[in-house]
Structure formats: C-alpha cells, structure tokens
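# Structural overview for review
What follows is the residue order along each chain.
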Amino acid sequence: MNNRANALAKRLEEGARALASFAESLTDAQWKTRVPKDGRKIGVTVHHVASVYPIEIQLAQTIAGGKPVTGVTGEDIDKMNAGHAKENDAVTKAAALDALRRNSAAAAAAIRALSDDELDRATLVSLYSDAPVTCQFLLEDHAVRHSYHHLAKILGALKR
C-alpha cells in the first residue's frame, strides 16, 4: 500500500467521521439551522459534503491520468452548490449520513489506489486559472479538507 495515499485517505476518513459523529448528535431544529453567510441548512451542508466526494475524486483522477481539467470554474461550483441546496432542502439526517459514509469510503478507496507518481502529477486545472497543480494538492484542497471546512462552519453556526 502506498503510504502517502493511505495517509491522505485516513485524513479524509477522519474528517468524514468527525462530521458524521457531530451531525448524528444534532436535534431536528439544529439540523435545519442555516449556516451564516452560506445560507444552507446544516443538514443540506452535510449532504453536500457527501455528494461532492465523487466529483472531487473524478477531478483528482483526471490529474492523476495526466489530463488537464477544463471547463470547471468557481462560478460552476457555485451554481452546482446552489442547485444541490435547492434539490436537497428537505434531506433527512439518515439519508445525508448514509451518503456521507458511503461516498467517503469510496473516496478513501480511490485515494488509496493512487501511486506516488499519480499524486505528484501536475496538469492545468481551470478551477485554478489553468495553473498546473498536482493531484495531491487538489485532493488536499478539496476532498480531504471538505468535511473539516464545513464542520467548522457548522460549529460556528451553532456557536460551539
């Protein structure tokens, strides 16, 4: 097993577990609390993290394969997130947590399958103004960091 890839996968799993564990403890009212400045309900945010793992992994695998990532901008992500929020406004805790567990496990498995050469490969990525970034950087900035980022915002929304 690749030690670097395994370490990345473990960090992703730890973040997903922390988010899931905290989300499980929420009351129905807390689940429906809106995150300041973001506007999404906490439950929608938990489901959002789960729902984008496959996309984040696909982007990383594109880089790992030596292909540029094109046509993905911050504006595209904002639109995708807004659409997700609208479509999943009433997501249940059970559905969000199930998706979080399944998709984080699949993401971790995909990360573990990457070699050091693939993690080190850099290609042009439109999300970063066509800067060449490595697969590992994209993973750390998105899939690995995502649950930690949103858990911090959720804790802030609940003043914890």
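So, here is what we can say about the structure in this document. (Residues numbered from 1 in each chain as written. Predicted model: local features only at pLDDT ≥ 70, side-chain atom pairs only at ≥ 80, totals over all residues. Heavy atoms only, no water.)

### Points about the pattern of salt bridges
Rules: In what follows, salt bridge is the name for a side-chain nitrogen of Lys or Arg lying within 4 Å of a carboxyl oxygen of Asp or Glu. Strands here are runs of E lasting at least two residues and helices are runs of H or I lasting at least four, both read from the DSSP assignment and numbered beginning at the N terminus. Think of it in three bands: residues with accessible area under 20% of the maximum for their type are buried, residues over 50% are exposed, and the middle band is partly exposed, with areas taken using a 1.4 Å probe on protein chains only.
For the structure on display, the rule yields 10 salt bridges. In this structure, the salt-bridge partner of E140 is R11, at a minimum N-O distance of 2.8 Å. With E140 in helix α7 (residues 135-157) and R11 in helix α1 (residues 3-24), this residue pair connects regions lying 129 residues apart in the sequence. We note a salt bridge from D38 to R40, for which the minimum N-O separation is 2.8 Å. With relative accessibility at 26%, the residue D38 sits in the partly exposed group. When its relative accessible area of 11% is taken as the criterion, R40 is described as buried.

### Looking at the packing of helix α3 (residues 42-64) against helix α4 (residues 74-87)
The criterion, for reference: Fitted lines through C-alpha atoms give the axes, limited to the stretch in contact for helices. The angle between two N-to-C directions lies from 0 to 180 degrees. An angle below 35 degrees is read as roughly parallel, one above 145 as roughly antiparallel, one from 65 to 115 as roughly perpendicular, and any other as oblique. Crossings are sorted by hand: turned counterclockwise from the far helix by less than a right angle, the near helix makes the crossing left-handed, and turned clockwise it makes it right-handed. By the convention used here, residues are in contact when the closest approach between their heavy atoms is within 4.5 Å. Residues are grouped as follows: Ala, Val, Leu, Ile, Met, Phe, Trp, Tyr, Cys and Pro are nonpolar; Asp, Glu, Lys and Arg are charged; all remaining types, including Gly, are polar.
The interhelical angle for the contact between α3 and α4, taken along N-to-C directions, is 130°, at an axis separation of 10 Å. For the element pair α3 / α4, the angle class is oblique. The two elements α3 and α4 meet at a crossing, and its hand is right-handed. Mapping the contact onto sequence places V44, H47, H48, S51, V52 and I55 in α3 and M80, N81, H84 and A85 in α4. For the contact of α3 with α4, the residue count by class is 5 nonpolar, 5 polar and no charged.

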